[in-house]
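A structural walkthrough
Each chain, letter by letter, is given below.
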Amino acid sequence: MTSTINQLAAKKLVQQLVQLGITDQNVLQVMSTLPRQLFIDSSLMAKAFDNTALPIGSGQTISQPYIVAKMTQLIAQIKPQKVLEIGTGSGYQTAILSQLFEQVYTVERLRELQIKAKATLRKLDCHNIKYKCRDGWLGWSEQHQFDAIIVTAAPIDVPQALLRQLAPGGRLVVPVGEQQQMLYCIERKEDQYYQTAIEPVKFVPLVAEII
Ligand code: SAH
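These figures come from a predicted structure and were not determined experimentally.

Moving on, we come to the overall build of the protein chain. Assigned secondary structure in the protein chain consists of six helices and nine strands. Relative to the 2.2 N^0.38 estimate, which gives 17 Å for 211 residues, the radius of gyration of the protein chain is 16 Å and therefore close to what a compact globule would have. Counting only C-alpha atoms, the protein chain reaches 55 × 35 × 35 Å along its principal axes. Here the protein chain holds 211 residues, and the buried ones make up 52% of them. Considering only contacts within the protein chain whose residues lie at least 6 apart along the sequence, 52% involve residues at least 24 apart. Counting only carbon and sulfur atoms, one obtains 50% of the accessible surface of the protein chain, whose full area is about 10,400 Å². Taken together, the 21 basic and 18 acidic charged side chains of the protein chain have centroids lying 5 Å from each other.

Before going further, it helps to spend a moment on the pattern of salt bridges. A complete count under the given rule lists three salt bridges for this structure. One salt bridge in this structure joins arginine 171 and glutamate 187, with 3.3 Å as the shortest N-O distance. You can see arginine 171 sitting in strand β7 (residues 166-177) and its partner glutamate 187 sitting in strand β8 (residues 181-189), a full 16 residues away along the chain. Between arginine 188 and aspartate 191 there is a salt bridge whose closest N-O contact spans 2.4 Å.

The next subject is the sheet that holds strand β4 (residues 103-108). Judged by pairing direction, the sheet is mixed, and its seven strands sit side by side in the order β5-β4-β3-β6-β7-β8-β9 without closing on themselves. Each edge of the open sheet carries a strand with a single partner, namely β5 (129-133) and β9 (192-201). The average angle at which neighbouring strand axes cross in this sheet is 15°, direction not considered. As paired strands, β4 and β5 are joined by five bridges and run parallel to one another.

Let us now look at the site of the ligand. In the vicinity of the ligand, 25 residues are found, and the nearest of them are Ser90, Glu108, Asp135, Gly136 and Val207. A distance of 2.6 Å is found between an oxygen atom of the ligand and a side-chain nitrogen or oxygen belonging to serine 90. The separation between a nitrogen atom of the ligand and a polar main-chain atom of arginine 109 is 3.3 Å. The set of elements that each furnish at least two residues to the shell around the ligand consists of β2 (60-62) and α4 (92-100). Residue composition of the shell around the ligand, by class: 10 nonpolar, 10 polar and five charged.

This part is about helix α5 (residues 111-123). End to end, α5 covers 19 Å across 13 residues, agreeing with the expected 18 Å (1.5 Å per residue, within 8%). Buried within α5 we find Leu113, Gln114, Ala117, Thr120 and Leu121. Angularly, the buried residues of α5 cover 130° about the axis, an arc narrow enough to put them on a single face. Of the exposed residues in α5, the ones pointing more than 90 degrees away from its buried face are Ile115, Lys116, Arg122 and Lys123. Structurally, α5 contributes buried residues whose contacts are with β1 (54-57), β2, α4, β4 and β5. Backbone geometry just downstream of α5 places aspartate 125 in the positive-phi region, at approximately 60°.

Reading the values: the criteria
Counting restarts for each chain, with residues numbered from 1 along the sequence as it is written. Local features in a predicted model are, by the rule used here, given only for residues with pLDDT of at least 70; side-chain atom pairs are given and counted only at 80 or more, and totals for whole chains, interfaces and linings are based on all residues. With hydrogens and water stripped out, all remaining heavy atoms of the structure feed into the side-chain values. Counting from the N terminus, the helices are DSSP H or I runs at least four residues long and the strands are E runs at least two residues long. Only the C-alpha atoms count toward the radius of gyration. The rule for a globule is 2.2 Å times the residue count to the power 0.38. With a 1.4 Å probe rolled over the protein chains alone, any residue whose accessible area is under 20% of its type maximum counts as buried; one over 50% counts as exposed, and the rest are partly exposed. Contact criterion: two residues are considered in contact whenever any of their non-hydrogen atoms come within 4.5 Å of each other. All accessibility values rest on the Shrake-Rupley procedure with a 1.4 Å probe; residue burial counts only the protein chains present in the view. Only four residue types enter the charge count: Lys and Arg as positive, Asp and Glu as negative, with His and the chain ends excluded. To locate a charge, the coordinates of NZ of Lys, CZ of Arg, CG of Asp or CD of Glu are taken. Salt bridge criterion: a side-chain nitrogen from Lys or Arg within 4 Å of a carboxyl oxygen from Asp or Glu. Between any two strands, pairing holds if DSSP finds at least two bridges. Note on geometry: axes are C-alpha line fits, over the in-contact stretch for helices, and angles between N-to-C directions span 0 to 180 degrees. The cutoff for a nearby residue is simple: one of its non-hydrogen atoms must lie within 4 Å of the molecule or strand. A 3.5 Å cut-off defines polar contacts: any pair of N or O atoms within that distance qualifies, except that in protein one atom must be a possible hydrogen donor and the other a possible acceptor, and neighbouring residues in sequence count only when both atoms are side-chain atoms. Asp, Glu, Lys and Arg are counted as charged, while Ala, Val, Leu, Ile, Met, Phe, Trp, Tyr, Cys and Pro are counted as nonpolar; the rest, among them Gly, fall into the polar class. Here the expected length of a helix is defined as 1.5 Å per residue gap, with one fewer gap than residues. Taken from the helix axis, the directions to the C-beta atoms give the arc we talk about.

So, in structure tokens, the structure goes:
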């Protein structure tokens with residue numbers, strides 16, 4: 001019974017995403033089948049498929065499905081293989097990346113959120129994910145480059161380490177700002193970076209501290 005309700009709610013959510021301009025069929029397919037209720041507290045179950053951000057504890061939120069879809073669609077356009085996410089949070093965006101792309105790397109600064117997300121993602125048989133607990137301003141490591149990078153918390157400025165860790169031909173999708181934030185898609189062509197403003201957004205801050 002509950003699963004039928006969730007399937008209907010997921011279908012309705014996907015219809016809304018289409019109305020809001022999401023066109024990538026693979027992204028829509030994954031979002032129509034992924035059980036978002038597993039990434040939130042059971043007390044919020046009734047809102048699992050609302051097109052809104054929801055609290056996940058530790059003052060953080062699971063991102064709004066529309067923004068998750070938009071950011072994923074922006075990187076899917078270049079067919080990346082190796083993708084980095086900054087801000088694992090609940091693991092919802094991580095799960096979507098894991099189902100669409102070959103190798104997923106995800107960084108989270110709060111150990112308790114990382115542990116919970118890992119458990120959820122294991123339950124969903126997402127095994128192509130590498131996890132790190134560290135300051136996302138530093139990216140994954142200077143030895144790695146990624147075809148695409150998604151940042152799910154807002155820095156006040158684009159982290160330089162992420163620009164270096166973006167492979168030539170790659171895309172970095174990042175919300176930037178404090179009260180007023182803009183989502184940017186930054187493309188690297190050899191050693192030049194080209195920035196496109198996508199739309200205004202509202203994310204929790206990418207905390208600036210070394211842990
Ligand atoms: N993608 C997540 C969004 C979580 S909110 C989801 O769909 O659930 C953003 C996350 O970024 C939070 O979990 C927060 O702890 C994390 N975060 C904030 N600053 C960070 C930093 N400097 N390094 C790594 N993670 C950070």
